[in-house]
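Listed below, chain by chain, are the residues.
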Amino acid sequence: MADDVPFVLGSSKYDQKTFKGRFRHFIDVIDPRLLFTGQRKLNESVEMLKDFQDGKSTFSNAELWAAQKVKQAIIHPDTGEQLPIPFRMSGFVPFGSPIVVGMLIPTKSLAITGFWQWLNQSHNACVNYCNRNATQETSMKDFLTGYGGAVGSAVSIAVGIQILIRKSSNLKPATQTLIRRFIPFPATGIMIMFCGAYKHTVLRNQ
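Bear in mind that the values here come from a model prediction, so they are computed numbers and not experimental data. (Residues numbered from 1 in each chain as written. Predicted model: local features only at pLDDT ≥ 70, side-chain atom pairs only at ≥ 80, totals over all residues. Heavy atoms only, no water.)

1. Notes on the pattern of salt bridges
Summed over all chains, the structure comprises 5 salt bridges. Note that arginine 33 and aspartate 31 form a salt bridge whose closest N and O atoms lie 2.8 Å from each other. A relative accessible area of 8% places aspartate 31 in the buried class. Among the ionic pairs, glutamate 44 bridges to arginine 40, the shortest N-O distance being 3.5 Å. Pair noted here: glutamate 44 and arginine 40 are both in helix H2 (residues 39-53), with a separation of 4 residues, about one helical turn. Salt bridges linked by common partners bring Asp28, Asp31, Arg33 and Lys69 together as one network. (Salt bridge = Lys/Arg side-chain N within 4 Å of Asp/Glu carboxyl O. Buried < 20%, exposed > 50% of the residue type's maximum accessible area, 1.4 Å probe, protein only. Helix = DSSP H or I, 4+ residues; strand = E, 2+ residues; numbered from the N terminus.)

Encoded structure:
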């Protein structure tokens, strides 16, 4: 059992050298039940880990792993501040899924298409910023530039495809609907390429 693994502060209880271990660690990180953790439970978890660090812990390995899971889900490791609930990794599924569903619903409206792309990129940007490596300073200018580029590229691609579909009079309605279902994929793909290239450029210039 993973809970029987000797506790190591700051490490994962799953073997990160294997795919299964990395997968189970990821599932642990995005556990949506962590969103319901109260302040009292968080304080108790922090105290448990502090006692362990001071060599005064009498808790079991399972209890220590659970305490670390709670702390890592809520408190940023660099800033020590609590993460906003919608932008925690444990909120990945409950807050991200409705957005994905919204993007996949076929629509002829350019405004609705643009809205879902904007909302998706805004949510991604906030999650990335809140969970960033705070030991390396990121200026607000760089963040806003990256955000603007991601939103601009995603919305432009999605709306552009919608316009092309409207002008393609030879396409059957069923074909148009099918194509609209796949609009989020190229839009998101181009956005990822842009963000990757921009991040690489920023890092090289630092």
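2. Concerning the layout of surface pockets
Considered as a void within the structure, the second largest pocket measures approximately 420 Å³ in volume. Looking at the second largest pocket, it is lined by 24 residues, and the ones nearest its centre are His25, Val29, Lys69, Gln72 and Ala73. Listed by contribution, the elements that provide at least two residues to the lining of the second largest pocket are helix H1 (19-29) and helix H3 (61-74). Here the element with the most residues in the lining of the second largest pocket is H3; it accounts for 5 residues. A breakdown of the residues in the lining of the second largest pocket according to their chemical character gives 8 nonpolar, 10 polar and 6 charged. (1 Å grid on protein atoms, 1.4 Å probe; cavity = no way out; pocket = protein on both sides within 12 Å on 5 of 7 lines; lining within 4 Å. Points joined across faces, edges and corners; volume = space filled by probe spheres on them. Nonpolar A, V, L, I, M, F, W, Y, C, P; charged D, E, K, R; others polar.)

Coordinates in, geometry out; function isn't part of it.
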